[in-house]
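Structural characterization, general
As a plain string of letters, each chain reads:
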Amino acid sequence: EGGGDPRGTSFDGFEEIAERNRIIIMTPVLKPNSCYLKFWKGCHEVARGCWDAYGQTGANYALQSGAHMRPVGEMVKDLLASS
């Protein structure tokens, strides 16, 4: 269905590998929000809380300027600043 919280999802051992190797795994979760449909018509998966994996929010979805990538970039900057 999508839009669920990945903390309850199995990542097939990635957590253990990451912990052993001191790697951070970020799993951003979006809140379901029908407001997305006002800005991007037809992005029903994003409105349910799914990550935009194939350009529903625009052509720059995978770039640093993309609607979902900007906040992830800020999270990474915060992590780097705190280390």
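Report on the accompanying structure.

The next subject is the overall build of the chain. Across its full length, the chain holds four helices and zero strands. Element order for the chain, N to C, with α for helix and β for strand: α-α-α-α. For the chain, the proportion of its 83 residues judged to be buried stands at 19%. Look at the contacts in the chain between residues 6 or more apart in sequence, and 26% of them connect residues 24 or more apart.

The next thing to look at is the side chain of Gln56. Turning to its location among the elements, Gln56 is positioned in the loop between helix 3 (44–47) and helix 4 (69–82). A polar contact of 2.6 Å, which involves the side chain of Gln56, links it to the side chain of Tyr54.

Once that is clear, we can look at a nonpolar patch on the surface. Side chains of Phe14, Ile17, Ile23 and Ile25 sit close together on the surface and give an oily, nonpolar patch of about 380 Å² of accessible area. Here Ile23 is to be found in the loop between helix 1 (14–20) and helix 2 (36–39). On the basis of relative accessible area, Ile23 is assigned to the partly exposed category, the value being 49%.

In this section: the pattern of salt bridges. The final tally for this structure, using the stated rule, is one salt bridge. Glu74 is the partner of Lys77 in a salt bridge, and the nearest nitrogen-oxygen pair spans 3.5 Å. Note that Lys77 and Glu74 are positioned in helix 4 at a spacing of three residues, about one turn of the helix. Given a relative accessible area of 51%, Lys77 falls into the exposed group. Glu74 sits in the partly exposed class, given a relative accessible area of 42%.

So, on to the side chain of His68. Among the secondary structure elements, His68 is positioned in the loop between helix 3 and helix 4. A distance of 3.3 Å separates a polar atom in the side chain of His68 from the backbone nitrogen of Asp52.

How each quantity is defined
Residues numbered from 1 in each chain as written. Predicted model: local features only at pLDDT ≥ 70, side-chain atom pairs only at ≥ 80, totals over all residues. Heavy atoms only, no water. Helix = DSSP H or I, 4+ residues; strand = E, 2+ residues; numbered from the N terminus. Buried < 20%, exposed > 50% of the residue type's maximum accessible area, 1.4 Å probe, protein only. Contact = heavy atoms within 4.5 Å. Polar contact = N/O pair within 3.5 Å; in protein donor to acceptor, adjacent residues only side chain to side chain. Patch = residues over 30% accessible without salt bridge, like charges linked within 9 Å, V, L, I, M, F, W, Y side chains within 5 Å. Areas by Shrake-Rupley, 256 points an atom, 1.4 Å probe, with all protein chains shown as cover. Salt bridge = Lys/Arg side-chain N within 4 Å of Asp/Glu carboxyl O.

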